[in-house]
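Below are the chains, spelled out letter by letter.
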Amino acid sequence: MPDWDEAFAYTTVKMVRVHDRRLGILHYAFMGLIMAYIVVYVLIVSKEYMLVDLPEGTVRLGLLPPKACPDEAAGQCDGFRRLPTDLPYCTGGPVAPGLLMPAPFECRYEDESFVVWPPVEQRGFFAATRITERQQQLPGTCDSTGPDGPRPDPSCFDWEPAAGTAEQVYYPAQIEWFTAFIDHTMTASRLGLSYSWPSEGLFCRGIFDSEGKQLEPCDDYANVDACRAANVTLETGRRNIVPVKTLLRAAGIDDLDTRGDVGCESNAVSPGCESFRYSGLILQVNIEYNNKWSFDATQVEYRITVDHIKNSEFQANELVSEGADNRTRTVNNRHGLRVVFRQIGEVGKFDPQTCLINMVTALGLLAAATTFVDALMVYVLPQKKVYSEAK
């Protein structure tokens, strides 16, 4: 007859009570540290009980030119419309020492419809800081009116300067004092979260530099009243409007004229030292979302940071117009400020399964602490032989 007790026998852990203050203090110290880690870091700080999702959304952008100075008499017109004689990069302006550029150029006052190209773009914009306007014509060997149709010859690739014309180089004035309005939405479909800037559950924490220091857009103006006159706002429940100057400052760029990404060696392409205004630059603006700052998962905050993509001048060619004979055209070579927006971060909500998995993992550390103290007891301490027999 089979021994059913033996067949269903199982192994269990032998419980031993250890009377040793050294081991007891060490054991409870480890247990206390692990419990503090679970409660403070896992539950309160990291909120590992949350099911997380990566936020997605849309960003609608626009630029507006600087406004007229509200108080000319007080001379507090920084950030507002200025004459070319007040701008160091304009012909006839006060050239500042150490100015990085081949030479000042003519300045033209163009609004956002001309400065921004293309006019509509998702998640970014390109604002011209220098424009070279060229009149071009097809070479004589390109017969656009022959029996073979328009531009039938490979020589039609080779547009050349139009006779009797010269290229014109100019700076669109005061690009850094245009104000950028930023409309953005945030969704996390797995969590059922969806917000736009007027939403009550979306909180603006401001704009920060690379060192984590919060920047105040109004610091770019003479005073708070001037800042309000420029319609600058960066706060919860209101449309975000900041000067381009603040975005540059957050990227570590104080101005467009005394620094640049292009080296000072002159060649067939570059005249030498080129300022950011002359060569262009790229900024990456990050909108980072987070709802782990509060125990209410419906409260989402966001903060804005800006990265300067170094050694990356930006330029594009725009075909402005073409002659009726299809043999002449006007092309604008645009160098300027390329701004790309990126929505990043992490949001979450309470999830029982995620909470259980992370808690079991964390509580496993308690067993690890006991195993470590037991190893000291039976392998290290002078009384290890006694403890081994008891175990």
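A few points on the structure. None of the values given here were measured: they were computed from a predicted structure. (Residues numbered from 1 in each chain as written. Predicted model: local features only at pLDDT ≥ 70, side-chain atom pairs only at ≥ 80, totals over all residues. Heavy atoms only, no water.)

### Things to note about the layout of surface pockets
Taken as a whole, the largest pocket encloses approximately 480 Å³ of empty space. Forming the boundary of the largest pocket are 17 residues, of which Val16, Arg17, Val18, His27 and Asp374 lie nearest the centre. (1 Å grid on protein atoms, 1.4 Å probe; cavity = no way out; pocket = protein on both sides within 12 Å on 5 of 7 lines; lining within 4 Å. Points joined across faces, edges and corners; volume = space filled by probe spheres on them.)

### Things to note about the pattern of salt bridges
Overall, the coordinates contain 16 salt bridges when judged by the stated rule. The salt bridge partner of Arg108 is Glu106, with a shortest N-O separation of 3.3 Å. The class for Glu106 is partly exposed, based on a relative accessible area of 40%. Glu121 is the salt-bridge partner of Arg338, the closest N and O atoms lying 2.5 Å from each other. In this pair, Arg338 is assigned in strand β15 (residues 328-350) and Glu121 in the loop between α3 (112-115) and β4 (124-137), connecting sequence segments 217 residues apart. Looking at Arg338, the relative accessible area reads 17%, which means it is buried. What you see here is one network of salt bridges that share partners, running through Arg60, Asp183 and Arg239. (Salt bridge = Lys/Arg side-chain N within 4 Å of Asp/Glu carboxyl O. Buried < 20%, exposed > 50% of the residue type's maximum accessible area, 1.4 Å probe, protein only. Helix = DSSP H or I, 4+ residues; strand = E, 2+ residues; numbered from the N terminus.)

### Brief notes about the state of the cysteines
Considering all chains together, one arrives at 4 disulfides under this definition. Each disulfide pairs two cysteine sulfurs, and for Cys69 the partner residue is Cys77, the sulfurs being separated by 2.0 Å. Measuring handedness by torsion sign, the sulfur bridge of Cys69 and Cys77 sits at about -80° and is left-handed. Considered together, Cys69 and Cys77 belong to a single accessibility category, that of buried residues. Here Cys204 is not disulfide-linked; the sulfur of Cys218 is the nearest cysteine sulfur, at 13 Å. Residue classification places Cys204 among the buried positions, given a relative accessible area of 10%. (Disulfide = S-S within 2.5 Å.)

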